[in-house]
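What follows is each chain in one-letter form.
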Amino acid sequence: METPCQKIVWDLIPAIRASVAIELVNRGVSQAKAAKILGIAPSAVSQYISGKRGYRIEFKGETKELIEKLALDLIGDRVEDLTARTCEICMSARNLEKDSDCSSSC
């Protein structure tokens, strides 16, 4: 049995990281710099960009806007707590997908 928290860790968080990495690269940040900004391996960014990892969820609406804003703030070095911002995006995604298993609180 897969719990909602497992779904979040295995699907939602990687999808958020992938979306932020893609947004950074699309805005001119190198994959190496995106990896450093996000505190992940360059190979992870490469896999996110190529769709080999974190590809299961496509974000829309408020969640997509939060991801875009986070990318801009990361580029401008205006993020004090990346974890808190990631949690905000995760909560937004779970609220918008009330029918999904990720919508329940852990």
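For the structure itself, look to the data block above.
These numbers come from a predicted model, not from an experiment.

What counts and how
- Starting afresh in each chain, residues are numbered from 1 along the sequence in its written order.
- In keeping with the predicted nature of the model, local features appear solely for residues at pLDDT of at least 70, side-chain atom pairs appear and are counted solely at 80 or more, and the whole-chain, interface and lining totals rest on all residues.
- Processing note: side-chain calculations cover all non-hydrogen atoms of the structure and skip hydrogens and water entirely.
- Residues belong to a common nonpolar core when they are buried Ala, Val, Leu, Ile, Met, Phe, Trp, Tyr or Cys residues joined through side-chain atoms within 4.5 Å.
- Exposure categories follow from relative accessible area, calculated using a 1.4 Å probe and restricted to protein chains: below 20% of the type maximum is buried, above 50% is exposed, and the middle band is partly exposed.
- Secondary structure elements are defined from DSSP: runs of H or I of at least 4 residues count as helices, runs of E of at least 2 residues count as strands, and each element is numbered from the N terminus.
- Contact between two residues is taken to exist if any of their heavy atoms lie within 4.5 Å; hydrogens are not considered.
- Grid points spaced at 1 Å and placed over the protein atoms alone form the basis of the search, with a cavity being a set where a 1.4 Å probe fits but cannot get out and a pocket an open set showing protein on both sides within 12 Å along at least five of seven lines. Lining residues have an atom within 4 Å of a point.
- Grid points are joined across faces, edges and corners, and a volume is the space filled by probe spheres set on the points.
- Residues are grouped as follows: nonpolar covers Ala, Val, Leu, Ile, Met, Phe, Trp, Tyr, Cys and Pro; charged covers Asp, Glu, Lys and Arg; every other residue, Gly included, is treated as polar.

Peer 1: Mind showing me how you'd approach the nonpolar core here?
Peer 2: Counting 28 residues, the largest nonpolar core has Leu-12, Ile-16, Val-20, Leu-24 and Phe-59 as the members making the most contacts within it. No other element matches helix H1 (residues 4-26), which puts nine residues into this core. If near-sequence neighbours (up to four positions away) are discounted, Phe-59 is found in contact with Leu-12, Ala-15, Ile-16, Ser-19, Lys-64, Ile-67 and Ala-93.

Peer 1: How do you make sense of the layout of surface pockets when you look at a structure like this?
Peer 2: Rolling a probe over the atoms, with the probe sized like a water molecule, indicates the empty space that remains. Of the voids in this model, the largest pocket is the one considered here, and its volume is about 260 Å³. Residue lining of the largest pocket: 14 residues in total, with Ile-13, Arg-17, Leu-82, Thr-83 and Thr-86 positioned closest to the centre. Element by element, the count of residues in the lining of the largest pocket is highest for helix H5 (residues 82-96), at seven residues. Among the residues making up the lining of the largest pocket, the classes are represented as 10 nonpolar, two polar and two charged. Its boundaries defined by the atoms lining it, the second largest pocket holds a volume of some 220 Å³. Considering the residues around the second largest pocket, the lining is formed by 13 residues, among which Ser-19, Ile-22, Glu-58, Phe-59 and Lys-64 are closest to the centre. Going through the elements one at a time, H1 and helix H4 (61-75) are the ones with two or more residues in the lining of the second largest pocket. Per-element accounting of the lining of the second largest pocket gives the leading share, five residues, to H1. Partitioned by chemical class, the residues of the lining of the second largest pocket number seven nonpolar, three polar and three charged.

Interpretation note: all reported values are geometric properties and have no functional meaning in isolation.
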